[in-house]
Every structure is written in C-alpha cells, then in structure tokens.
Amino acid sequence: QVQLVESGGGLVQAGGSLRLSCAASGRTFSTYVMAWFRQAPGKEREFVAAISRFGGNTNYADSVKGRFTISRDNAKKTVYLQMNSLKPEDTAVYYCAADESGIYCSTSECSREARYEYWGQGTQVTVSS
C-alpha cells in the first residue's frame, strides 16, 4: 500500500506559479505510475497529468499543456506539479494518485480514475483574477 500527501497549494494571482508536491509512503514508489487530477467547485474531477515510473513519459490534459509540468524524484518518493501562467479556471482541489500496475498509458487511459488505486486528500489551489 501507499499513502499520498499533497502540499503546496494556496492563493495566487493570475499569471503566477505554484509547485505542488505529493509525498508517498512505502518502499515501492518507483513501481507506480503517478498522476495529478483536479476538481473545481460544482464539477467532476478531471485528469491533469501523468508520469511513468522513471519519468521518461508524461501526458497532459490539453487545458494545461505548455503551462504545467509533472516530474518525480523516486529517491524522495515525491511527485511534483509545476504550474505556470495560472488562470482563474485552474482553481480547484488538486489530487495526486498512484497506479500500482506500473504500466504506462495513453492520455485517454491515464485519464481514467479507475486506474488509480491510491489517492491523496487533495490540496486547494485558488487563482484570483
């Protein structure tokens, strides 16, 4: 099993940047495909980005491509989401998730919530206009 704890959320003005972190417990972090999702008020949770076990492959939702970057440090058992050029529509609770299959995915497959067995509690990101 793995436990995930997100941090780094907060309030930022439009155009600003934030870096989210997701720290994992357990000894097998490098076996997991990791992803970030987000849920805005009144909306369904949506896929943001995913990264393969050793970081060689990444996928992004079209809405964040070119602005957000997912990365991981397996030695620190942490996955990151660097968010630049933030927009008010990026306001949401951001969740990290872990897929224990370790099998990487296409964007459409990575975006399926059912792939991920483990979820963090979320961190709030608010972007003011």
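Every value quoted in this text rests on a predicted model; they were computed, and no experiment measured them.

Chemist: Kindly report on the packing of aromatic side chains, identifying the contributing residues and their values.
Modeler: In total, this model carries five aromatic pairs according to the counting rule given. Look at Phe37 and Phe47: their rings are 5.7 Å apart centre to centre, the planes differ by 75°, and that puts the pair in the edge-to-face class. One end of the pair, Phe37, is in strand β4 (residues 33–39); the other, Phe47, is in strand β5 (residues 46–51), with 10 residues separating them in the sequence. Here Phe37 and Phe47 have matching classes, each one buried. Relative to Trp119, the ring of Tyr116 lies with its centre 6.1 Å away and its plane at 75°, an arrangement referred to as edge-to-face. The class for Tyr116 is buried, based on a relative accessible area of 5%. One aromatic cluster is present, built from ring pairs that chain together Phe37, Phe47, Tyr116 and Trp119. Sitting above the plane of the Tyr95 ring, Arg45 keeps its charged end 4.9 Å from the centroid.

Chemist: I'd like a rundown of the sheet that holds strand β7 (residues 68–73), residues and numbers included.
Modeler: The four strands are arranged β1-β3-β8-β7 in an open sheet whose pairing can be described as antiparallel. Each edge of the open sheet is held by one strand with a lone partner, namely β1 (4–7) and β7. Taken over all neighbouring pairs, the strand axes of this sheet differ in orientation by 15° on average, direction set aside.

Chemist: Could you give an account of the state of the cysteines, naming the residues involved and the relevant values?
Modeler: A full pass over the atoms with the stated rule returns two disulfides. Put simply, Cys22 and Cys96 are joined by a disulfide, and their sulfur atoms are 1.9 Å apart. What sets the handedness of the Cys22 and Cys96 disulfide is the S-S torsion sign, and at about 45° it is right-handed. Linking Cys22 in strand β3 (residues 18–24) with Cys96 in strand β9 (residues 92–99), this pair joins segments that are 74 residues apart in sequence. Residue class for Cys96 comes out buried when judged on its relative accessible area of 0%. One disulfide in the model links Cys105 with Cys110; its S-S distance is 2.0 Å. A torsion of 90° about the S-S bond marks the disulfide between Cys105 and Cys110 as right-handed. Judged on exposure class, the residue Cys105 and its partner Cys110 are both buried. The connectivity of the disulfide bonds within the chain can be written as 1-2, 3-4, using the sequence rank of each bonded cysteine.

Chemist: Let's hear about the nonpolar core: which residues, and what values?
Modeler: Within the largest apolar cluster, 39 residues are counted, with the highest numbers of intra-cluster contacts made by Leu4, Met34, Trp36, Leu81, Met83 and Tyr94. Listed by contribution, the elements that provide at least two residues to this core are β3, β4, β5, β7, β8 (78–83), β9 and β11 (123–128). Apart from residues no more than four positions distant in its own chain, Met83 is found in contact with Gly16, Ser17, Leu18, Leu20, Arg67, Phe68, Tyr94 and Val125.

Chemist: Outline the environment of Tyr94, supporting the account with residue identities and numerical values.
Modeler: Tracing the chain through its elements places Tyr94 in strand β9. Assessed through its relative accessible area of 0%, Tyr94 is described here as buried. For the pair Tyr94 and Gln121, spaced 27 residues apart in sequence, the C-alpha to C-alpha distance is 8.7 Å. Leaving out residues up to four positions away in the same chain, Tyr94 has contacts with Glu6, Leu20, Trp36, Phe37, Arg38, Val48, Phe68, Leu81, Met83, Gly122, Thr123 and Val125. Within polar-contact distance, the side chain of Tyr94 engages the side chain of Arg38 at 2.9 Å.

The rules behind these values
- Residue positions are given per chain, counting from 1 as you read along its sequence in written order.
- The predicted nature of this model means local features are confined to residues of pLDDT at least 70 and side-chain atom pairs, given and counted, to a pLDDT of 80 or more, with totals for whole chains, interfaces and linings taken over all residues.
- Side-chain metrics rest on all non-hydrogen atoms present in the structure, leaving aside hydrogens and water.
- Between the rings of Phe, Tyr and Trp (Trp by its six-membered ring), a pair exists once the centres lie within 6.5 Å; its type follows the angle of the planes, with under 30 degrees stacked, over 60 edge-to-face, and the other angles tilted.
- To qualify as a helix, a DSSP run of H or I must reach at least 4 residues; to qualify as a strand, a run of E must reach at least 2; elements of each kind are numbered from the N terminus.
- A simple rule labels every residue: compare its accessible area, found with a 1.4 Å probe on the protein chains alone, to the largest value its type can have, and call it buried under 20%, exposed over 50%, or partly exposed in between.
- Note on geometry: a ring has a charge over it if NZ (lysine) or CZ (arginine) is within 6 Å of the ring centre and within 35 degrees of the ring normal.
- Strand pairing is defined by DSSP finding a minimum of two bridges between the two strands.
- Think of each axis as a best-fit line through the C-alpha atoms, taken over the contacting stretch in the case of a helix, with angles from 0 to 180 degrees between the N-to-C directions.
- Disulfides are defined as pairs of cysteine sulfur atoms found within 2.5 Å of each other.
- For the purposes of this section, nonpolar cores are sets of buried Ala, Val, Leu, Ile, Met, Phe, Trp, Tyr and Cys residues that join through side-chain atoms within 4.5 Å.
- Throughout, a contact is declared for two residues whenever any of their heavy atoms are within 4.5 Å.
- Any pair of nitrogen or oxygen atoms within 3.5 Å is treated as a polar contact; in protein, a donor-acceptor pairing is required on top of that, and neighbouring residues in sequence qualify only through side-chain atoms on both sides.

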